[in-house]
Amino acid sequence: IYCSPMNRARETLAEIIKSHKEVEPVFLDKLVELNYGGFEGLTKQEIEAKFGHYLDERVKKGIDFKYPEGESVAELIGRISIVLEMLKKKHFGQTVLIVGHSNANKAMLHLIVDFPKEDFYELYHPHDLIYIVDMKEEKPKVKHKYAGKKHGEGIVRLKWK
């Protein structure tokens, strides 16, 4: 089990570990959520008042937009790719559980199934969503499961292009 050291992920991990006491979790700083920098903790109205010009720039630049004093989604994808490469080398053929955050998890899915970067913000990832990725074959198979609910096939999207 690999986990972000952030509190929200640790809370989820605490529930998981109740059923997997024999597994010692590893905390990785690279699994933390996207750093929203100056946007962190602000409402949409507060962001518009303080950083109005940045919102237009975010739309224009997409994943290359860097949050003031934070990071871009492109940078997030870069750090998540380092995690996936390490996991592939260290745990090939094994089962690995990753407890992360919405955007970090979306970055992983982007890298695993290679969905278009332009669709990053369209991928829906609520807090109770679990992705199960089978990478035994050439093309990874993805299933999703809402905590306590039935499995679905593929990736959950806000809309399809």
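What counts, and at which threshold
- Residues numbered from 1 in each chain as written.
- Predicted model: local features only at pLDDT ≥ 70, side-chain atom pairs only at ≥ 80, totals over all residues.
- Heavy atoms only, no water.
- Helix = DSSP H or I, 4+ residues; strand = E, 2+ residues; numbered from the N terminus.
- Rg over C-alpha atoms; globule rule 2.2 N^0.38 Å.
- Buried < 20%, exposed > 50% of the residue type's maximum accessible area, 1.4 Å probe, protein only.
- Phe/Tyr/Trp six-rings, centres within 6.5 Å; stacked < 30°, edge-to-face > 60°.
- Expected span 1.5 Å × (residues − 1).
- Arc of directions from axis to C-beta.
- Contact = heavy atoms within 4.5 Å.
- Salt bridge = Lys/Arg side-chain N within 4 Å of Asp/Glu carboxyl O.
- Lys, Arg positive; Asp, Glu negative; His and termini not counted.
- Polar contact = N/O pair within 3.5 Å; in protein donor to acceptor, adjacent residues only side chain to side chain.

Trainee: Hey, could you run me through the overall build of the protein chain in this one?
Mentor: Within the protein chain one finds 4 helices and 6 strands. Reading the protein chain from its N end, one meets helices and strands in the order β-α-β-α-α-β-α-β-β-β. Taking 161 residues into account, the globule formula puts the C-alpha radius of gyration at 15 Å, and the protein chain, at 17 Å, falls close to it. Taken along its principal axes, the extent of the C-alpha atoms in the protein chain is 50 × 35 × 30 Å. A buried classification covers 37% of the 161 residues belonging to the protein chain.

Trainee: Just to check I follow, could you spell out the packing of aromatic side chains for this structure?
Mentor: Scanning the entire structure with this criterion turns up 8 aromatic pairs. Ring geometry for Phe-51 against Tyr-54: centres 5.6 Å apart, planes inclined by 70 degrees, an arrangement best described as edge-to-face. Of this pair, Phe-51 and Tyr-54 both sit in helix α2 (residues 44-61), 3 residues apart, which is roughly one turn of the helix. Classification of Tyr-54 by relative accessible area gives partly exposed; the value is 23%.

Trainee: When you look at helix α3 (residues 73-91) in this model, what are you seeing that I'm missing?
Mentor: A turn of α-helix holds 3.6 residues, and therefore any two residues three or four places apart point the same way. If you check α3, its first and last C-alpha atoms are 26 Å apart, about what 19 residues at 1.5 Å a residue would give, namely 27 Å. For α3, every residue scored as buried is listed here: Val-73, Leu-76, Ile-77, Arg-79, Ile-80, Val-83, Leu-84, Leu-87 and His-91. Summarising the axial view, the buried residues of α3 lie within an arc of 170 degrees, below the 170-degree limit, and thus occupy one face. Looking at the packing, one finds that the buried side of α3 touches β1 (2-3), β3 (98-99) and α4 (102-113). Downstream of α3 by a residue or two, Gly-93 has a phi angle that is positive, lying close to 85 degrees.

Trainee: Could you clarify how one ought to interpret the pattern of salt bridges in this entry?
Mentor: Pairs can form between side chains of opposite charge once their charged atoms are near each other. Under the counting rule described, the total for this entry stands at 5 salt bridges. Between Glu-71 and Arg-79 there is a salt bridge, with the nearest N and O atoms lying 2.6 Å from each other. The buried category is assigned to Arg-79, whose relative accessible area is 12%. Between Lys-88 and Glu-85 there is a salt bridge, with the nearest N and O atoms lying 3.2 Å from each other. Of this pair, Lys-88 and Glu-85 both sit in helix α3, 3 residues apart, which is roughly one turn of the helix.

Trainee: Looking at this model, I keep getting lost on the side chain of Glu-33. Mind explaining?
Mentor: Tracing the sequence through the fold places Glu-33 in the loop between β2 (26-27) and α2. Put simply, Glu-33 is tucked away with no salt bridge, and the nearest opposite charge, on Arg-8, sits 4.7 Å away. Among the polar contacts listed, one links the side chain of Glu-33 to the backbone nitrogen of Ala-104, at a separation of 3.4 Å. Not counting the four nearest positions on each side in its chain, Glu-33 is found in contact with Met-6, Arg-8, Glu-71, Arg-79, His-101, Ser-102, Asn-103 and Ala-104.

Trainee: Before we go on, may I ask you to explain the side chain of Lys-106 in this structure?
Mentor: In this fold, Lys-106 is placed in helix α4. Excluding its chain neighbours within four sequence positions, the residues that come into contact with Lys-106 are Phe-115, Phe-120, Tyr-121, Leu-123 and His-125.

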